[in-house]
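# Tertiary structure, described
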Amino acid sequence: MLLNVTLVKETRINRGWTQAQLAELCAVNIRTIQRVENDGTASLETTMALAAAFDLEIKDLFADPGTEKKNSNRTLYIVLSLIAGFFLGLLF
């Protein structure tokens, strides 16, 4: 599942919890919390544990599909620009 990285991280910080404390509350490894905050991937069990710890509904934790699409498109444009710049550099 793809979670809203910003929401998870900001909620944790606003409550004054470290990643280790949140991991303990959710009964998961700290690496799981780090992965969720870095790329938003989480299992159903982790998502349910986070929702319970934050006192949120599970659906509130999901990433907005429109936002993710915009970010992936921006990454694609950056990569294509770099490739184009490289080839232009070779020509001139």
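One numbering rule holds for all chains: residues counted from 1, following each sequence as written. Side-chain atom pairs in this predicted model are given and counted only at pLDDT of 80 or more, local residue features only at pLDDT of at least 70, and totals for whole chains, interfaces and linings cover all residues. Side-chain numbers here rest on the full set of heavy atoms in the structure, without hydrogens or water.

### Considerations on the packing of aromatic side chains
Between rings of Phe, Tyr and Trp, where Trp is taken as its six-membered ring, a pair exists when centres lie within 6.5 Å; planes separated by under 30 degrees are stacked, by over 60 edge-to-face, and by other angles tilted. Applying the stated criterion across every chain, the model contains one aromatic pair. Aromatic pair W17 and F54: ring centres 6.0 Å apart, planes at 15°, arrangement stacked. With W17 in the loop between helix 1 (5-14) and helix 2 (19-26) and F54 in helix 4 (residues 44-54), this pair connects stretches of sequence that are 37 residues apart. Burial classes follow relative accessibility: with a 1.4 Å probe on protein chains only, a residue under 20% of its type's maximum area counts as buried, one over 50% as exposed, and anything between as partly exposed. On the basis of relative accessibility, which here comes to 21%, the residue W17 falls in the partly exposed class. Only DSSP runs of H or I covering at least 4 residues are called helices, and only runs of E covering at least 2 are called strands; the numbering of each starts at the N terminus.

### Some details on helix 3 (residues 30-39)
Those residues of helix 3 lying buried are T32, I33, V36 and E37. Angular distribution of buried residues about the axis of helix 3 spans 130°; they occupy a single face of the element. For helix 3, exposure combined with an orientation more than 90 degrees from the buried face picks out R31 and N38. As used in this structure description, the phrase polar contact means that two N or O atoms lie within 3.5 Å; if the pair is within protein, one of them must be able to donate a hydrogen and the other to accept it, and residues adjacent in sequence are counted only when both atoms belong to side chains. The N-terminus of helix 3 is capped by N29, whose side-chain oxygen sits 2.8 Å from the backbone nitrogen of R31. G40 lies just past helix 3 and shows a positive phi near 80°. As used here, the arc belongs to the directions running from the helix axis to the C-beta atoms.

### Points about the nonpolar core
Across soluble globular proteins, nonpolar side chains have a tendency to be buried as a group. By nonpolar core we mean a set of buried residues, namely Ala, Val, Leu, Ile, Met, Phe, Trp, Tyr and Cys, connected to one another through side-chain atoms within 4.5 Å. Counting 14 residues, the largest nonpolar core has L3, L22, C26, V36, L50, F54 and L61 as the members making the most contacts within it. Only helix 2, helix 3 and helix 4 provide two or more residues apiece to this core. By residue number, the principal contributor to this core is helix 4, which donates five residues. Beyond its immediate chain neighbours, meaning those up to four positions away, F54 contacts V8, T11, R12, R15, W17, L22 and L61. Two residues form a contact once any of their heavy atoms are found within 4.5 Å.

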